[in-house]
Amino acid sequence: MDNRPRAMSYRQMIADRLVQEAQALFEQAKKRRFRIVTAESCTGGLIAASLTAVPGSSLVVERGFVTYSNEAKVEMLGVPADLIERRGAVSMEVALAMVDGALKHSPADIAIVTTGIAGPGGGSDEKPVGLVHIAVARRNGPRLHEEHRFGDIGRNRVQADSVVAALQLAGRILD
């Protein structure tokens, strides 16, 4: 029998990284007794999955919205359809509307939102593959937004890097 340690796969390293970041946010939220809601487009629920991979996550995870389509953003979060039409789903304005809608449609204290273009297609000169808008907000508190341009680094990597950035931004709002 071979007892040598096995090399970790790239996917396992990514999964471990996401859970490690989620664990850090979990500890901050638990300490403050804050509940979290996610509203995800390009990450497709990966933020919520990373948070719920942490044992005891039910103490902080309130709910998650996967609002991949424009219709879902409008119906589930109340994002104005004309805003999506004017600015595009991948924009700071829509990310901020999503974060407001996530808080409005849940009793959570903190909202975490992503909207972007994970690729491999769907990009343009103005909005290239790898463009992701992240927004976080605290109920009756600050809202933060970041624009990331990860580049055409592969769909899974854009999603994973977006999750890490979103969890870290949410941690800043809890400081």
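This text follows the structure it describes.
It should be emphasised that the depicted structure is a prediction, and the values quoted were computed from it without experimental measurement.

All chains considered together, the criterion is met by 8 salt bridges. Note that Arg63 and Glu62 form a salt bridge whose closest N and O atoms lie 2.5 Å from each other. Using a relative accessible area of 32% as the deciding quantity, one classes Arg63 as partly exposed. The salt bridge partner of Arg149 is Glu147, with a shortest N-O separation of 2.8 Å. In this structure Arg149 comes out as exposed when scored by relative accessible area, which is 52%. Among the ionic contacts, a cluster of salt bridges with common partners joins Arg17, Arg157 and Asp161.

Below, the discussion takes up the nonpolar core. Among the nonpolar cores identified, the biggest contains 31 residues, and Leu25, Leu51 and Ile112 are the most heavily contacted of them. Of all the elements in the fold, those that place two or more residues in this core are helix H1 (10-32), helix H2 (46-52), strand E3 (110-116), strand E4 (131-138) and helix H6 (155-174). The leading source of residues in this core is H6, at 11 residues. Leu25 has contacts with Ile36, Leu51, Ile112, Leu167, Ala170, Gly171 and Leu174, leaving out every residue within four places of it along the chain.

Moving on, we get to the sheet that holds E4. Judged by pairing direction, the sheet is mixed, and its 5 strands sit side by side in the order E2-E1-E3-E4-E5 without closing on themselves. Either end of the sheet is taken by a strand with one partner, and the two such strands are strand E2 (61-66) and strand E5 (143-149). Ignoring strand direction, the axes of neighbouring strands in this sheet form an average angle of 10°. Note: E3 against E4, 7 bridges, orientation antiparallel. Within the sheet, the bridge partner assigned to Ala111 lies in E4 and is Ala137. Helix H5 (residues 92-104) rests against strand E1 (36-40), E2, E3, E4 and E5 of the sheet, and its axis sits at about 145° to E3. Helix-sheet contacts for H6 involve E3, E4 and E5, and the interaxial angle to E4 is about 25°.

Reading guide: rules and limits
- Residues numbered from 1 in each chain as written.
- Predicted model: local features only at pLDDT ≥ 70, side-chain atom pairs only at ≥ 80, totals over all residues.
- Heavy atoms only, no water.
- Salt bridge = Lys/Arg side-chain N within 4 Å of Asp/Glu carboxyl O.
- Buried < 20%, exposed > 50% of the residue type's maximum accessible area, 1.4 Å probe, protein only.
- Core = buried A, V, L, I, M, F, W, Y, C linked by side-chain atoms within 4.5 Å.
- Helix = DSSP H or I, 4+ residues; strand = E, 2+ residues; numbered from the N terminus.
- Contact = heavy atoms within 4.5 Å.
- Pairing = 2+ DSSP bridges.
- Axes fitted to C-alpha atoms, helices over the stretch in contact; angles between N-to-C directions.

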